[in-house]
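# Results of the structural survey
One-letter residues, chain by chain:
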Amino acid sequence: MKDTENSGTGTKTYGGFEDDERAAMQERAQELKKAARRGPGGAKADGEIEVLAKIAEMPESDRLIAERLHALVKANAPELTPKTWYGMPAYAKDGKVVCFFQSSHKFKTRYSTLGFNDSANLDDGTMWPAAYALTELTAADEARISALLKKAVS
């Protein structure tokens, strides 16, 4: 496929993927290689180190939210294992990612996102939110996220 440059943003696309999307896929490939090399016993400790390193790389506004989310996950869903997923902080149960934090900086978006995958037990009727936009965290937001985390792993 042909490489093109998006004149509006100055980003390149490779086979339909932009630079940041391609970088996320490359990060995921590296994560899978690391996971294959490490034994199951070291996954939680190594994952925590990797998540904290990713959080430390974020711009301050995203880093503050990610640090609070990390603390909320540890307090409300301690059975989740921290890991990186496409270069984002994520939390898994039985090897499946339950939730993740996407920094607004990651894909140059207007807001950060707390996302839940289908392994999260958040079903509510025939339609429910699976991602939440975050621009900051208030005490009310933290309470709501805590309840979502508890429900997600129930």
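An account of the accompanying structure is given in this report. (Residues numbered from 1 in each chain as written. Predicted model: local features only at pLDDT ≥ 70, side-chain atom pairs only at ≥ 80, totals over all residues. Heavy atoms only, no water.)

Together, F17, M25 and Y86 make up an exposed nonpolar region whose accessible area comes to about 260 Å². Within the fold, M25 resides in helix α1 (residues 19-37). Judged by relative accessible area, which is 36%, M25 ranks as partly exposed. (Patch = residues over 30% accessible without salt bridge, like charges linked within 9 Å, V, L, I, M, F, W, Y side chains within 5 Å. Areas by Shrake-Rupley, 256 points an atom, 1.4 Å probe, with all protein chains shown as cover. Salt bridge = Lys/Arg side-chain N within 4 Å of Asp/Glu carboxyl O. Helix = DSSP H or I, 4+ residues; strand = E, 2+ residues; numbered from the N terminus. Buried < 20%, exposed > 50% of the residue type's maximum accessible area, 1.4 Å probe, protein only.)

This part covers helix α3 (residues 60-76). Counted at 1.5 Å a residue, the expected span for α3 with its 17 residues is 24 Å, and the 24 Å between its end C-alpha atoms agrees. Among the residues of α3, those classed as buried are D62, I65, A66, L69, H70, L72, V73 and N76. Buried positions in α3, seen along its axis, are confined to an arc of 165° and lie on one side of it. α3 presents E60 and A75 as exposed residues on the side facing more than 90 degrees away from its buried surface. (Expected span 1.5 Å × (residues − 1). Arc of directions from axis to C-beta.)

The subject of this paragraph is the sheet that holds strand β4 (residues 81-85). One open sheet holds the 5 strands; their spatial order is β4-β5-β6-β7-β8, and the pairing between them is antiparallel. Pairing within the sheet leaves two strands with one partner each, and these edge strands are β4 and β8 (131-134). For this sheet, the mean inter-axis angle between neighbouring strands, taken without regard to orientation, is 25°. Pairing of strand β5 (residues 88-93) with strand β6 (residues 96-102) involves 4 bridges; the strand directions are antiparallel. Considered in β6, the bridge of A90 is made with F100. Along the sheet, α3 contacts β4, β5, β6, β7 (112-116) and β8; its crossing angle with β6, the most-contacted strand, is approximately 150°. Sheet strands touched by helix α4 (residues 139-152): β6, β7 and β8. Its angle to β7, the strand with the most contacts, is close to 25°. (Pairing = 2+ DSSP bridges. Axes fitted to C-alpha atoms, helices over the stretch in contact; angles between N-to-C directions. Contact = heavy atoms within 4.5 Å.)

As a further point, take the pairing of β5. In terms of residue burial, β5 counts as a mostly covered element, since 5 of its 6 residues are buried. In this structure, β4 lies alongside β5, joined through 5 bridges in antiparallel fashion. Paired with P82 across the bridge in β5 is Y91. Linkage of β4 to β5, two consecutive antiparallel strands, is achieved through a turn of 2 residues, within which Y86 is found at a positive phi near 55°. In textbook terms, the turn of a hairpin is the stretch between consecutive antiparallel strands, and for β5 and β6 this stretch comprises 2 residues, one of which, D94, has a positive phi near 55°.

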